[in-house]
Amino acid sequence: MTAHHQTKKQNLDLALIGNSCSAALVDRDARIVWWCFPYFDSDPVFSRLLAGDEEKGFCDVTVAGLVETESHYVRNTAIVETIMTDAHGAKVRIADFAPRFDRFEREYRPPQIIRRIEPIAGLPRIAIRVRPTHNYGRPTTNVVVGSNHIRYVGGQQVMRLTTDAPLSYIVNEITFPLTRPMNLIFGQDEPFLSAIDTTSREFLDRTRDHWLTWVRNLAVPFEWQAMVVRAAITLKMCSFQETGAIVAAHTTSLPEAPSSSRTWDYRYCWLRDAYFVVDALNRLGATQIMESYINYITTIATDVREIRPVHGIVPFSSLEEETAPDLKGFLGHGPVRVGNQAESQTQNDVYGSVVLAATQMFVDERLPKMGDEALFRLLEALGERALERAFEPDAGLWEYRTRAHAHTYSATLCWAACDRLAGIARRLNIADRAKYWRTHARALRERILSEAWDEKRGALTGAFGSPDLDASVLLVAELGLLPATDVRFITSCGTIGRELTRNGRIMRYTAPDDFGAPETAFLACNFWYMDALSQIGRAAEARELFDSILANRNAYGLLSEDIHPDTGELWGNLPQTYSMAGIINTATRLSSSWEEAWARDSS
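These numbers were taken from a predicted model, which means no experiment stands behind them.

### Some remarks on a nonpolar patch on the surface
Then, number 1: Residues Val-143, Val-145 and Val-171 make up a contiguous nonpolar surface patch of about 200 Å² in total accessible area.
Then, number 2: The residue Val-171 is located in helix H1 (residues 167-172) in this model.

### Describing the packing of helix H8 (residues 408-427) against helix H9 (residues 431-452)
Then, number 1: The N-to-C vectors of H8 and H9 enclose an angle of 160°; their axes lie 8 Å apart at closest approach. Between H8 and H9, the angle is such that the two are roughly antiparallel. Like other packed secondary-structure pairs, H8 and H9 cross with a definite hand, here left-handed. The segment H8 lies against H9, with Thr-408, Ala-411, Thr-412, Cys-414, Trp-415, Cys-418, Asp-419, Leu-421, Ala-422, Ala-425 and Arg-426 engaging Arg-433, Ala-434, Trp-437, Arg-438, Ala-441, Leu-444, Arg-445, Ile-448 and Ala-452.
Then, number 2: Here the residues of the contact of H8 with H9 sort into 13 nonpolar, 2 polar and 5 charged.

### Details of the packing of helix H11 (residues 487-499) against helix H12 (residues 523-535)
Then, number 1: Contact geometry for H11 and H12: axes closest at 11 Å, N-to-C directions at 135°. Compared by their axis directions, H11 and H12 come out oblique. Taken as a pair, H11 and H12 cross one another with a handedness that is left-handed. Along the contact surface, H11 presents Phe-489, Cys-493 and Gly-497, while H12 presents Tyr-529, Ala-532 and Gln-535.

### What to know about the sheet that holds strand E31 (residues 562-563)
Then, number 1: Taken together, 3 strands build an open sheet; the order of strands is E30-E31-E32 and the sheet is antiparallel. Each edge of the open sheet carries a strand with a single partner, namely strand E30 (521-522) and strand E32 (570-571).
Then, number 2: Strand direction decides the pairing type here: E30 and E31, joined by 2 bridges, are antiparallel. Across the sheet, residue Phe-522 finds its bridge partner in E31, namely Asp-562.

### A look at the environment of Ile-32
Then, number 1: Tracing the backbone shows Ile-32 in strand E3 (residues 32-36).
Then, number 2: Along the primary structure Ile-32 and Asn-172 are separated by 140 residues, whereas in three dimensions their C-alpha atoms are 19 Å apart.
Then, number 3: Leave out the neighbours within four places in its chain, and Ile-32 touches Ala-24, Leu-25, Val-26, Phe-46, Gly-57, Phe-58, Cys-59, Asp-96, Ile-113 and Arg-115.

### What about the nonpolar core?
Then, number 1: Phe-186, Leu-379 and Trp-528 are the most contacted members of the largest nonpolar core, which totals 189 residues.
Then, number 2: With 12 residues, the single largest contributor to this core is H8.

### Structural notes on the confidence of the model for the chain
Interpretation of the predicted coordinates at a detailed level should be avoided for regions scoring low in pLDDT.
Then, number 1: Here the chain shows a mean pLDDT of 94. Residues at 70 or above account for 98%.
Then, number 2: With pLDDT under 50 throughout, residues 1-6 is counted as low confidence; its partners more than four residues away or in other chains account for 16 contacts.

### A look at H12
Then, number 1: Between its first and last C-alpha atoms H12 spans 19 Å; for 13 residues at 1.5 Å apiece the expected length is 18 Å, and the two agree.
Then, number 2: For H12, the set of buried residues is Leu-523, Ala-524, Cys-525, Asn-526, Phe-527, Trp-528, Tyr-529, Met-530, Asp-531, Ala-532, Leu-533 and Ser-534.
Then, number 3: Following H12 by one or two positions, Gly-537 adopts a phi angle in the positive range, close to 85°.

Conventions and cut-offs
Residues numbered from 1 in each chain as written. Predicted model: local features only at pLDDT ≥ 70, side-chain atom pairs only at ≥ 80, totals over all residues. Heavy atoms only, no water. Patch = residues over 30% accessible without salt bridge, like charges linked within 9 Å, V, L, I, M, F, W, Y side chains within 5 Å. Areas by Shrake-Rupley, 256 points an atom, 1.4 Å probe, with all protein chains shown as cover. Salt bridge = Lys/Arg side-chain N within 4 Å of Asp/Glu carboxyl O. Helix = DSSP H or I, 4+ residues; strand = E, 2+ residues; numbered from the N terminus. Axes fitted to C-alpha atoms, helices over the stretch in contact; angles between N-to-C directions. Parallel < 35°, antiparallel > 145°, perpendicular 65-115°, else oblique. Left-handed = near helix turned anticlockwise from the far one by under 90°. Contact = heavy atoms within 4.5 Å. Nonpolar A, V, L, I, M, F, W, Y, C, P; charged D, E, K, R; others polar. Pairing = 2+ DSSP bridges. Core = buried A, V, L, I, M, F, W, Y, C linked by side-chain atoms within 4.5 Å. Buried < 20%, exposed > 50% of the residue type's maximum accessible area, 1.4 Å probe, protein only. pLDDT = per-residue confidence, 0-100. Expected span 1.5 Å × (residues − 1).

Pasting the structure below:
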């Protein structure tokens, strides 16, 4: 059992269950409050998370006379266990999971979630409530009862609940004594052909074994192991295995700050997050997710004319943005958006993001199929786009909606595309191309450093000719534009640390944007800052910051996108892959090695 690392309850105390096909969020009271069915970016059948004060879109188990609830992940798995105790000491255990294991020599990971409810002491009295929605928040009232199942018909999808609990009690939400284990299996509208109780118990055991085995093969740093394992399991649940896409988060419209209308749909794959996620998976040796992700981006890169910064879990699907009128929003903070306008934005860093992630194919000897000249030629087309676009104004990585600048980060990634292409050409022994890309990379680098450096501020600024600071320049050493020993990098870190910090948290920028002045701190920037500090010899400071961010994870060890510098409350979509990858990358960088740790213990 994992110990609770923080006592402060968070509004976002939610656990993720999933199997790389489907994913749901469960709260501390064992209520399933969010489940997009059948896939990550589908219409949610459970949408309570965004329903404001309306009691709709959930599945829960209420215990009569409830006095205590304790909920946690089963160690090293994606299974959530909740124990509920009533006033007489009777107890119920609920296990929630999405089945995932090998079956018939292939992976079994259906769009399905299973809830197993067992009495473990006394005679608890419970009611099972199932209130799905369709079309983003319309209650599903068309309920058809069968022999061992209930069909909920609404919108495009029919959801079937197969169960060995009394159907009439579920439909009428009747309270009854729980005398034996009961199982709820939610999924596609197809008959369930095996024994419900036996199957559910077997699926639970096999899913637990699947995760334990997967975790056993991870290469984790010596320190912060439990946090890194939780982050790794979460990233795996954020990858859609069929196509290799990795979503930015599993939710839409959890606001970046209260009443800010900064509500975005993150159930899609941003190519820029990619590089950080590939980096994190690579550090842990989770090569399979990394490999399928690289296949996903090379699928997208075959259309080089215009690479969109964000794609659906199925590439090239439309992400047109609209609002959902039937959902009031998280804690009433609307609007709820479906789709993302960023798909039509110009973000010139995208070419570099793809080349960076694909570079792995040419250097990683663990991969069964390495990158070849054909892939290199495909990437060269992206390099040419990067050359054209490096200094053109764009929406930038923060996706400004109403203004464009030539951003330092975008230009740096265009440089990175050329720089990595030179390296790949060298590895493939294509001398003339290596020289071509090296020459271009050098020219870009000189121009970026001269245009982004602001002598008066003692920092590289966020956009050329603008004095505004931006935390994304903390990545220039990591990306290789400047060595970490360069005085310009060291002073940039100092200036950003001084001016972008609010109550110990780094803001991505503080200048007002399309929605006014930012109120919450973007967690990824805090990890970038810690990484930068450790690169310039301020590792002790970095460790302190790292521990303080870890202390703000939710009750299940997850991080969302933003943290409020004053309240420590998490905001933004959850779980945010950027933040979870940050835990892995920073822990790996700051941890003492296994050898040092053993030496210390034995001396």
